[in-house]
Amino acid sequence: MSGADTLAAPQVSLLDRFRAFREGMAAKPGFRRWAARFPLTRPFARRRARALFDICAGFVYTQVLLACVQLRVFAILSEAPLTTARLAPRLSLSIEATERLMAAAAALQLTARRGDGAWTLGQLGAAMIGNDGIAAMVEHHAMLYADLTDPVAMLRRPRGGNALSDYWAYSGAEQPGSVSADRIRDYTALMAASQPMVAEEVLASYRFDRHVRVLDVGGGNGAFLRAVAAEAPRLELMLFDLPAVAEEARARFAAAGLGGRAFVHGGDFTQDELPRGADLVTLVRVLHDHDDDVALSLLRRIRAALPVGGALLLAEPMAGTSGAEPMGEAYFGFYLLAMGRGRPRTPEEIRTMLLAAGFSESRMLSTPTPLLTRAVLARVPA
Ligand SMILES: C[S@@+](CC[C@H](N)C(=O)[O-])C[C@H]1O[C@@H](n2cnc3c(N)ncnc32)[C@H](O)[C@@H]1O
């Protein structure tokens, strides 16, 4: 870039000019007062106030949800609607505290008050039933929020050294391959509990029965492969993960009667080559855990393990997801900051990395709930 380019005034688009004007007006107290009263601008003013309030209050909403999960409110109300008087002893709370919690939960659509006054499940509480993964995620967030108590300090200090980086034992390990069994147990259980909702998304977007053998890299205790195995009964299964995780996967496959169909390899994908023989590799919720250098070298190892025409199916939540922008940059951005490694990537960034790793073409697959998982399929060129 020449000096003249560097000094040239940046081009400001019409859209940027309009936004600057709009935000400039919104920053003026007098205009805000007028906009809140004028009938045509009132709905926008209210929406903006509500959005800002939701950001301010987000932590409180989260703690209301955490209290409901810890007290098993959704499981209790799924058995039968209950009045406050009947619910209170089930929660070991006073009548007043139960009423306070239920009113807050109802305002968040987690519970609802029936016409006769009894509490029942709200729309969002009902969605938690039968999905242990959401409850497990909510409970482990206690660590994230503890790490985020002083966000500015976290942004200023070197990454790592947080409760969450300790929990995800591989994230800060000098030798991930040596991480012991007791350090992988909790995160592996959390991943297995939340895996069914992810597997459902991936299985809805891709036919696995067109392949002979699949290798799931960073496959945890095999929950994803077991879901795939049920859909594609002839597919052979291979899993690669850290040695301690691989041990657990081996036991789980045996317990599920898949011992003869699933081949498990323990190793460290930052050091070791990946096993050959699969015509499809899956990489589910793995890439975003790693910084660009490790992520790119992992994609290169996957490319090297695949035959010509082989495919890589990469699935994870991605940044820049339309309608779910806060999930990528805000939630995962700060989650992975606390964890100490990795970053959320846009589909374009991932596809650029795939090209750099030697894959020829890639295309996005359509998943039913992009907020949970997006997926990209890449091929090894002839
Ligand atoms: C976020 S979990 C995802 C697990 C699983 N794919 C899922 O979606 O449920 C990341 C997985 O990558 C594995 N992993 C992390 N670093 C690794 C490394 N260097 N070598 C092998 N596996 C690794 C972890 O042990 C863990 O099982």
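Residues numbered from 1 in each chain as written. Predicted model: local features only at pLDDT ≥ 70, side-chain atom pairs only at ≥ 80, totals over all residues.

Novice: Even after reading the chapter, I still don't get the confidence of the model for the protein chain, so can you show me in this structure?
Specialist: Regions with low pLDDT carry predicted coordinates that are not meant to be interpreted in detail. Looking at the protein chain as a whole, its pLDDT mean stands at 94, while 98% of the residues score no less than 70. A low-confidence stretch, residues 1-5 (pLDDT under 50), is modelled with one contact involving residues beyond four sequence positions or located in other chains. On the interface metric, ipTM, the complex scores 0.99, and its pTM is 0.89. (pLDDT = per-residue confidence, 0-100. Contact = placed C-beta atoms within 7 Å.)

Novice: Sorry, what's going on with the UniProt feature "domain: O-methyltransferase C-terminal" (unreviewed entry) in the protein chain here?
Specialist: The positions UniProt marks with the feature "domain: O-methyltransferase C-terminal" (unreviewed entry) are residues 180-360. The span residues 180-360 is 48% helix and 15% strand, and its two end C-alpha atoms sit 38 Å from each other. (UniProt positions renumbered as here; feature names shortened; annotations may be inferred. Helix = DSSP H or I, 4+ residues; strand = E, 2+ residues; numbered from the N terminus.)

Novice: I tried to follow the nonpolar core on my own but got confused; where do I start?
Specialist: Considering soluble globular proteins, one finds that nonpolar side chains tend to be buried as a cluster. Membership of the largest hydrophobic core comes to 65 residues, with the highest contact counts inside it found for V217, L239, V281, L283, I302, L312 and L314. For this core, the element with the highest residue contribution is helix α12 (residues 181-205), accounting for six residues. For L239, the contacting residues outside a window of four places in its chain are D216, G219, G222, L225, A246, A249, A262, V264 and H265. Counting 17 residues, the second largest nonpolar core, distinct from the first, contains V64, V69, A105 and M128. (Core = buried A, V, L, I, M, F, W, Y, C linked by C-beta atoms within 7 Å. Buried ≥ 20, exposed ≤ 12 C-beta atoms within 10 Å, placed from the backbone.)

Novice: Would you mind showing me how to read unusual backbone geometry here?
Specialist: Glycine aside, residues mostly have negative phi angles, and peptide bonds mostly take the trans form. Within the chain, R72 stands out as a residue other than glycine whose phi angle is a positive 60 degrees. The exposure class assigned to R72 is partly exposed, which follows from the 13 C-beta atoms found within 10 Å. The phi dihedral of Q109 falls on the positive side, at around 65 degrees, and the residue is not glycine. Considering the arrangement of structural elements, one finds Q109 in the loop between α7 (95-107) and β1 (111-113). Taking the number of C-beta atoms within 10 Å as the measure of exposure, Q109 has 14 and is therefore partly exposed.

Novice: Could you clarify how one ought to interpret the domain arrangement of the protein chain in this entry?
Specialist: Many analyses report the size of an interface as the accessible area lost when the parts associate. Here the protein chain is partitioned into domain 1 (15-128) and domain 2 (133-379). Just the C-alpha atoms count here: the centres of domain 1 and domain 2 sit 33 Å apart. With five residues of domain 1 in contact, the opposing surface of domain 2 contributes five residues. Per-element tally for the side of domain 1 that touches domain 2: the top contributor is helix α4 (residues 42-70), with four residues. Taken together, the residues of the side of domain 1 that touches domain 2 break down into four nonpolar, one polar and no charged. (Domains from an automatic or database assignment. Nonpolar A, V, L, I, M, F, W, Y, C, P; charged D, E, K, R; others polar.)

Novice: Which parts of the structure should I look at to understand the sheet that holds strand β8 (residues 362-365)?
Specialist: In any sheet, the strands associate via hydrogen bonds between backbone groups, in a parallel or an antiparallel arrangement. Strand order in the open sheet formed by seven strands is β5-β4-β3-β6-β7-β9-β8, with mixed pairing between adjacent strands. Edge positions in the sheet fall to β5 (262-266) and β8, since each has one partner strand and no second. Adjacent strand axes in the sheet meet at a mean angle of 20 degrees, parallel and antiparallel pairs treated alike. The pairing of strand β4 (residues 236-241) with β5 spans five bridges and is parallel. (Pairing = 2+ DSSP bridges. Axes fitted to C-alpha atoms, helices over the stretch in contact; angles between N-to-C directions.)

Novice: I tried to follow α7 on my own but got confused; where do I start?
Specialist: Side chains of residues three or four places apart in an α-helix project in the same direction, reflecting 3.6 residues per turn. If you check α7, its first and last C-alpha atoms are 18 Å apart, about what 13 residues at 1.5 Å a residue would give, namely 18 Å. Buried within α7 we find T98, L101, M102 and A105. When α7 is viewed along its axis, its buried side chains cluster within an angular range of 95 degrees and face the same direction. Seen from the buried face of α7, the exposed residues on the opposite side, beyond 90 degrees, are E96 and A107. In the core, the buried residues of α7 are packed alongside α4, α5 (73-79), α6 (84-91), β1 and β2 (119-121). Q109, located one to two residues past α7, shows a positive phi value of around 65 degrees. (Expected span 1.5 Å × (residues − 1). Arc of directions from axis to C-beta.)

Novice: In this structure, what is going on with the UniProt feature "domain: O-methyltransferase dimerisation" (unreviewed entry) in the protein chain? I would like to understand it.
Specialist: Under the UniProt annotation, "domain: O-methyltransferase dimerisation" (unreviewed entry) lies at residues 54-124. Within the segment residues 54-124, helix and strand shares are 66% and 8% respectively, and the terminal C-alpha atoms sit 17 Å apart.

Novice: Got a minute to help me understand the site of the ligand in this structure?
Specialist: Near the ligand there are 20 residues, and of these M191, G218, G220, F269 and R285 occur at the shortest range. When contributions to the shell around the ligand are tallied by element, the ones reaching two or more residues are α12 and α13 (223-231). Classifying every residue of the shell around the ligand by side-chain character gives 11 nonpolar, five polar and four charged. (Near = placed C-beta within 6 Å.)

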